[in-house]
Amino acid sequence: MSDGATTAYQKVHDASLADPEGFWREAAGAIDWVTPPTRILDDTRPPFYRWYPDAELNVCFNALDRHVAAGRGDQPAVRYDSPVTGTKATLTYADLLGRVSRFAGALSGLGVEKGDRVVIYMPMVPEAVVAMLACARLGAIHSVVFGGFAPQELAARIEDAEPKVVVSASCGVEPNRVVEYKPMLDAALDRSSHKPESVIVLQREQSRAAVGERDTDWEEMTWDEVYADAEPADCVPVAATDPLYILYTSGTTGKPKGIYRDSGGYAVALRWSMANLYDVAPGETMFTASDVGWVVGHSYIVYAPLLTGATTVLYEGKPVGTPDAGAFWRVIAEYGAVCLFTAPTAFRAIKKEDSTASKLAEHDLSRFRALYLAGERLDPDTYEWASAALGKPVIDNWWQTETGWPIACNPKGIGLMPIKPGSPTVAVPGYDVQVLDGSGQPVGPGVEGAICIKLPMPPGTLPTLWGDDDRYVSSYLSAHPGYYLTGDGGYLDEDGYLYVMGRTDDVLNVAGHRLSTGSLEAALAGHKAVAECAVIGVHDDLKGQVPRALVVLKSGVDAEADGERIRRELVVRVRSEVGAVAALHRVDIVAALPKTRSGKILRKTMREMADGKETAVPATIEDASVLDALAPVLRAPGPA
Ligand code: COA
Ligand code: AMP
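Conventions used here
- Residues numbered from 1 in each chain as written.
- Chains lettered and ligands numbered in written order.
- Predicted model: local features only at pLDDT ≥ 70, side-chain atom pairs only at ≥ 80, totals over all residues.
- Heavy atoms only, no water.
- Pairing = 2+ DSSP bridges.
- Helix = DSSP H or I, 4+ residues; strand = E, 2+ residues; numbered from the N terminus.
- Axes fitted to C-alpha atoms, helices over the stretch in contact; angles between N-to-C directions.
- Contact = heavy atoms within 4.5 Å.
- UniProt positions renumbered as here; feature names shortened; annotations may be inferred.
- Phe/Tyr/Trp six-rings, centres within 6.5 Å; stacked < 30°, edge-to-face > 60°.
- Buried < 20%, exposed > 50% of the residue type's maximum accessible area, 1.4 Å probe, protein only.
- Lys NZ or Arg CZ within 6 Å of the ring centre and 35° of its normal.
- Near = heavy atom within 4 Å.
- Polar contact = N/O pair within 3.5 Å; in protein donor to acceptor, adjacent residues only side chain to side chain.
- Nonpolar A, V, L, I, M, F, W, Y, C, P; charged D, E, K, R; others polar.

Caption draft 1: Geometry of the sheet that holds strand E31 (residues 586-589). Taken together, three strands build an open sheet; the order of strands is E29-E30-E31 and the sheet is mixed. Each end of this open sheet is capped by a strand with a single partner; those strands are strand E29 (530-540) and E31. Geometrically, the sheet is characterised by an average inter-axis angle of 20° between neighbouring strands, direction not taken into account. In this structure, strand E30 (residues 544-553) lies alongside E31, joined through four bridges in parallel fashion. Considered in E31, the bridge of Ala549 is made with Val587. Across the face of the sheet, helix H15 (residues 517-525) comes into contact with E29 and E30 while running at roughly 140° to E29.

Caption draft 2: Main features of the UniProt feature "domain: AMP-dependent synthetase/ligase" (unreviewed entry) in the protein. Per the UniProt entry, the sites bearing "domain: AMP-dependent synthetase/ligase" (unreviewed entry) are residues 67-456 in this numbering. Between the first and last C-alpha atoms of residues 67-456 the distance is 32 Å; the span itself is 31% helix and 24% strand.

Caption draft 3: Seen up close, the packing of aromatic side chains. Applying the stated criterion across every chain, the model contains 33 aromatic pairs. A ring pair is formed by Phe146 and Phe149, whose centres lie 5.7 Å apart and whose planes are at 90°; its orientation type is edge-to-face. Of the two residues, Phe146 and Phe149, neither departs from the other in class, the shared state being buried. An aromatic cluster is defined as three or more aromatic residues linked by ring pairs; in this entry it consists of Phe23, Trp24, Trp272, Trp405 and Tyr431. Taking NZ or CZ as reference, Arg157 lies 4.6 Å from the ring centre of Phe149, over its face.

Caption draft 4: Representation of the site of ligand 1 in the model. Taken together, 23 residues surround ligand 1, and among them Glu174, Arg177, Pro319, Lys543 and Arg575 come closest. For ligand 1, an oxygen atom lies 3.0 Å from a polar atom in the side chain of Arg177. Residue Val581 places a main-chain N or O atom 3.4 Å away from an oxygen atom belonging to ligand 1. Classifying every residue of the shell around ligand 1 by side-chain character gives 10 nonpolar, seven polar and six charged.

Written as structure tokens, this is what we have:
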């Protein structure tokens, strides 16, 4: 292929790999440093790499103070739009700086210092953004936990991050109900062996929480109480290599992985991505419909737009039902957003409700330039529908919590390349993406294998896991030395376009939410009637995947008489332990689970059977008759 955009991309990509230090030295010029970098990449301790090892900065300063100083004080920084509560608010850069400085002062008053952790368990309210940036201002490390997670997941994160302070809210608001956060937080703190020194609760009028009424070792107070008398705090410089946040993500075990996000590399990469990938300029509005609890929210609701001096939309609502399938178009029009970033599942939901996109005509989308979709595979049907409805480029981008920003994308800011439906296009500059076979050799075009990234990865990507270098190496770097293993399988075509076919491990992806099979299985295994269980993610037309459970009951439990009740209890149990987003689609009580001779449950084989795919039964299977007996159950459609 040799059109202009392809050539432009190729030049930038080649330059980024030929001279990474020169490339990222130049990109670092878009960030204000306290101590500018003289060294760009520390590669003295492979497989550990660090970007900008001798530099210092403050990320909050870069996201707020410098824009106010440059005259953007009156520009909207955040447009809060909450159809579920009927609230809208605009915070200018000056407003946001004022609020963040003051909340930073409040945290500092509670003893929060550089390097301390603060867990933030909040819905999509401006105070969540304020809390994140206040931590960044102090050099404290935030760890935001998605509000859709319940006590078990929250407790695991508190246990690992060991926060000094937890910031939460009395409730979240879903279209069909108010979700009480405080009881879930209480339950998580009761379970966690680590206890914070203070808990701050934002009271929301939809449901106020009981704050400070329990007999706890930690102090509980409301947001208003700590905020009222707080003095504004100034920015604390941190090393570029110091963590800005820890974001936990699901692996296959029940223990989440704490992704360590450094400060300098992340700021440089995000700022670069706004100009070169997302094509959003200072002063423009970006609408990212995700949640601050996910990486997409961290990067493209909060940090990237604000580092750019752009305006971000904080949308507390859904693509449909709040009030209808025109909600996204309304928000785009109302704030003049130049792009929308969300997950394909949101578009499948809109398509299901308004198949002709009739609601689009009601809104002025004249400033809208592109739709970005990520979080799960963009199926060609959804691509075609969105593309025809909007008449604007629909850009698939593939990445993960670990990388913090896209690995593969159509780089609109550099020049839009021809789109091939089903492919997130090409490797982003900075990433050397290769597809490897089982023995670590690169495969040819069109051949599927493990998608890997040759080390070092670019700035912004994880340098390690929080407090666990060994797990970082064993999870990501040991399969193919010299490469980062993404966990996704796929192939490159003859034009270098990447096709991502899905996870090669047992990680679930439900409506763009990444969930751990291990967490769901732990919740099931906690039921007294369960001897053994397995969870698999099976295909779903709307949500991409939905979780399905296979359960073996303890001997003596009467499946005939009690099966129905146990099934119901298991669904409730997973929902209350892991979260509503982990709703089990179907629970089957079975006689046995298929395993290898070494005892590993054959989840992938069961998943393939449930999806009606060709199944290669491993030669190491212990007893093939177990799998044969399960076949009719696995192929049964719909919930049971
Ligand atoms: N707090 C509490 N509960 C939450 C929650 C949150 N932040 N987010 C979701 N839930 C609940 C929902 O209310 C729902 O509860 P219910 O079973 O009582 O109805 C349950 O979790 C399942 O949620 P979800 O999987 O999101 O399904 P849904 O039917 O409510 O909505 C979509 C389907 C497609 C509209 C929705 O998933 C969506 O907007 N997805 C966009 C994807 C996205 O933002 N991904 C993030 C990565 S980019
Ligand atoms: P998360 O860490 O929650 O962002 O989830 C990352 C995982 O989601 C990836 O490893 C992929 O399996 C999947 N994913 C994200 N974006 C895409 C995409 N554009 N195409 C295919 N899969 C994707």
